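Each chain, written out:
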Amino acid sequence: MKIHEYQAKQILSKYDVQIPRGEVADNPSRAREIADKIGPRVVLKAQVHAGGRGKGGGIKLAKNPQETEKIAKEMIGMTLVTPQTGPKGKLVKRILVEEALDIARELYIGIVIDRAKETPVVMASSEGGVEIEKVAAETPELIFKEYINPATGFLPFQARNLAFKLCLEGDTFKQGVKFLISLYKAFRATDASLAEINPLLITEQGNVLALDAKMNFDDNALLRHPDIKEMRDLDEEDPLEVEASSFNLNYIKLDGNVGCMVNGAGLAMATMDIIMHSGGMPANFLDVGGGVSEEAVKNAFKIFVSDKDVKAALVNIFGGIVRCDLVANGIVKAAKEFGLKVPMVVRLEGTNVELGKKILKESGLSFYSAETMKEAAEKVVPLAKQ
Amino acid sequence: MSIIIDEKTRVVVQGITGGEGTFHTQKMQEYGTTVVAGVTPGKGGTTHLNVPVYNSVADAVEKEGADASAIFVPAFFASDAIMEAADAGIKCIVCITEGIPTFDMIKAKLFLKEKDCCLIGPNTPGIISPGKCKIGIMPGHIHTPGTIGIISRSGTLTYEAVDQVTKLGYGQSTAVGIGGDPIVGLQFIDLLKFFKDDKDTEAVILIGEIGGTAEEEAAEYVKKEFPKPVVSFIAGQTAPPGRRMGHAGAIISGGKGTAKEKMKALEEAGVHVAKSPAEIGQKVKNALE
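Small disclaimer: the values here were computed from a predicted structure and weren't measured. (Residues numbered from 1 in each chain as written. Chains lettered and ligands numbered in written order. Predicted model: local features only at pLDDT ≥ 70, side-chain atom pairs only at ≥ 80, totals over all residues. Heavy atoms only, no water.)

Enquirer: Outline the pattern of salt bridges, listing residues and values.
Expert: Side chains that differ in charge, positive against negative, can pair when their charged atoms come close. Residues and elements named next belong to chain A. Evaluated as defined, the whole model comprises 43 salt bridges over all chains. In this structure, Lys 93 engages Asp 235 in a salt bridge whose closest nitrogen and oxygen atoms are separated by 2.5 Å. Of the two residues, Lys 93 sits in the loop between strand 5 (90–91) and strand 6 (95–99) while Asp 235 sits in the loop between helix 7 (226–229) and helix 8 (239–246), which places them 142 residues apart along the sequence. Classification of Lys 93 as partly exposed rests on a relative accessible area of 23%. You can call Asp 235 exposed: its relative accessible area is 57%. (Salt bridge = Lys/Arg side-chain N within 4 Å of Asp/Glu carboxyl O. Helix = DSSP H or I, 4+ residues; strand = E, 2+ residues; numbered from the N terminus. Buried < 20%, exposed > 50% of the residue type's maximum accessible area, 1.4 Å probe, protein only.)

Right, here's the structure in full:
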């Protein structure tokens, strides 16, 4: 799960990670009040779930409270387009108003789970403030890493190693070590999957602060963290995806026009792939679960009906433990309830497949049937183009 | 022959009295798996599905000689169940449970390092040596005894591959789902090593998906030391970056873990890469001819 920058900073400050003074505002007069308190010079930052905000006009400096109010007026309610939002952009509902600080250096710190080593890794680089992927690809020697021993956690000497590599000195060094240790504590305690500070700011006075902060969390651990779960911002997500997640369906909206309904994540991805190989583009990823309950089929149909981009649909079910006749009954029932608004190709395979096909055929509904995944994809793609 | 499990394997089911545990234990028994015990803490001394239930895995090992375990306990208790099985001396632990927090698995894997056992999963359909033993939730009847080894990160897509090779007249020596999570037990390479030593496995199908670098590492291993033909398919060629495609492990992050990179690495290692999932069976046939 993703959260906003201001929320990440709230969490981090609980763990003594130093952040700039600031508050969140959802209207211009509130922004002005904050500037009165912490200003006069402040930075206004649009709160959306996307990076590259500066390039799209989502980060601006105001010299005084009057200017703060003026910029806030422009920014709140604007549609921010950045390289990460896609062309549609994102609506800015809130801004973070923070004290403007003098920048001496911009560094990078990130913590992620290293899958190959099966443990978190703390990464640091003096190349902060830029796209770290670019640094990693072009000059990987400029990214320093310390792997965590899960039994001991992040150790002080490891934090010192990184602080030395970042060429921190004196009191700044001490602050840097403390910052790193606090950041790891926050990462571990919240079951985060990512904690990224880019840039980590060193001020002219030598203070160390998180100028930006990004945190993602392990969805599987959210039940342990009700306070974080509450930070989910449904407005940042596709409404159909929100609906699907309330039905416990794995659904992701994509750009194409062929709706897919598949049981199992791997088979769902493979079905999307075969649609592409047949010259079409999938409108979504939709995994109704390996078990394909009748409820899941019904809810998947609901989503197809509400997605205007779906011009034809492909249902690909491999009935294993679940019998194909039960799946077929579920499909027929849902189709009768919600209507077959678009042509639908159904491919069933597995246990009791013949019975399942018979049920579809005798339903009186005009499904297109297919024997194999390939045939199904080749049938559905032209139907979507009609 | 087969790898890891065979007709002599003695299975204990952890979480046998729960809904999933009950349903799938019955299916395993119907398939012919020797289920010797169940474990549900607090229900020791009872009998379920004609199998004695114990309070701990250690008891099941001592009293019934269990050497493999199937785990069907809820996500927040599953890592504890894995460690309990390992501590009791279980050699093959199959964790079906989905949704275990990553840090729980990091801890469990650290614990397992000191133990002589192998973990399959979590979030896996399990492992099957057709005609001999099935530990998991896959439909037994689509499998046929034979000479193709299958290693996969997904469930139903594996069934699809099994079905394709069966229809072309090939059976399977052993089919293993390694699990869809970021941190799992046995990886592609570990299983390739087992298949390398299995005389009856002629070729291996490796079904990967986006996310992580396990497929690239497998490609490196195949290139260096795997002598048998390998066929591969990578799911998620059309997946957008930054989105979790159902499995916690299936995510392209920081531009890494794309299907394209994986397919390239495998092709360079001499693996027969199927671009479309419909070609998996045919590729096996071509590789063996």
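Enquirer: Run through the packing of aromatic side chains, naming residues and quoting values.
Expert: Evaluation of the coordinates by the stated rule reveals six aromatic pairs over all chains. Between A:Phe164 and A:Phe173, the ring centres sit 4.5 Å apart and the planes meet at 40°, which makes this aromatic pair tilted. Judged by relative accessible area, which is 14%, A:Phe173 ranks as buried. For the pair B:Tyr221 and B:Phe226, a centre-to-centre distance of 6.4 Å together with 45° between the ring planes defines the contact as tilted. (Phe/Tyr/Trp six-rings, centres within 6.5 Å; stacked < 30°, edge-to-face > 60°.)

Enquirer: Go over the domain arrangement of chain B with me, naming the residues and quoting the values.
Expert: Residue and element names in this part refer to chain B. The domain boundaries assigned to chain B delineate domain 1 (9–118) and domain 2 (141–286). Each of domain 1 and domain 2 has a C-alpha centre, and these two points are 26 Å apart. Each side of the interface is counted separately: domain 1 has six residues, and domain 2 has six residues. Between domain 1 and domain 2 we count zero salt bridges in total. Our count for the domain 1 to domain 2 interface comes out at one residue pair in polar contact (both at pLDDT 80 or more). Looking at which element gives the most residues to the side of domain 1 that touches domain 2, the answer is helix 4 (residues 102–112), with four residues. Its residues placed into classes, the side of domain 1 that touches domain 2 shows four nonpolar, one polar and one charged. (Domains from an automatic or database assignment. Contact = heavy atoms within 4.5 Å. Polar contact = N/O pair within 3.5 Å; in protein donor to acceptor, adjacent residues only side chain to side chain. Nonpolar A, V, L, I, M, F, W, Y, C, P; charged D, E, K, R; others polar.)

Enquirer: How would you explain the domain arrangement of chain A if you had to name every residue and give the values?
Expert: Residues and elements named next belong to chain A. As assigned here, chain A comprises domain 1 (1–19 + 101–235), domain 2 (20–99) and domain 3 (237–382). Each of domain 1 and domain 2 was reduced to a C-alpha centroid, and the two centroids are 23 Å apart. In this assembly, 16 residues from domain 1 lie in contact with 15 residues from domain 2. Both faces combined, the contact of domain 1 with domain 2 buries some 1,300 Å², and carbon together with sulfur accounts for 46% of it. At the junction of domain 1 and domain 2, the tally comes to seven salt bridges. Lys 45 is the salt-bridge partner of Glu 5, the closest N and O atoms lying 2.6 Å from each other. The interface formed by domain 1 and domain 2 holds nine residue pairs in polar contact (both at pLDDT 80 or more) in total. Elements represented by at least two residues in the side of domain 1 that touches domain 2 include exactly helix 1 (5–14) and strand 11 (208–210). (Buried area = accessible area lost by both parts, 1.4 Å probe.)

Enquirer: An account of the interface of chain B and chain A is requested, with residue identities and associated values reported.
Expert: Listed per partner, the contact involves 56 residues of chain B and 45 residues of chain A. Each partner contributes to the roughly 4,000 Å² buried at the junction of chain B and chain A, and carbon and sulfur atoms together form 64% of this total. On the chain B side of the contact with chain A, B:Phe103, B:Thr156 and B:Thr238 bury the most area, a combined 18% of that side's loss. Inspection of the region where chain B meets chain A yields six salt bridges.

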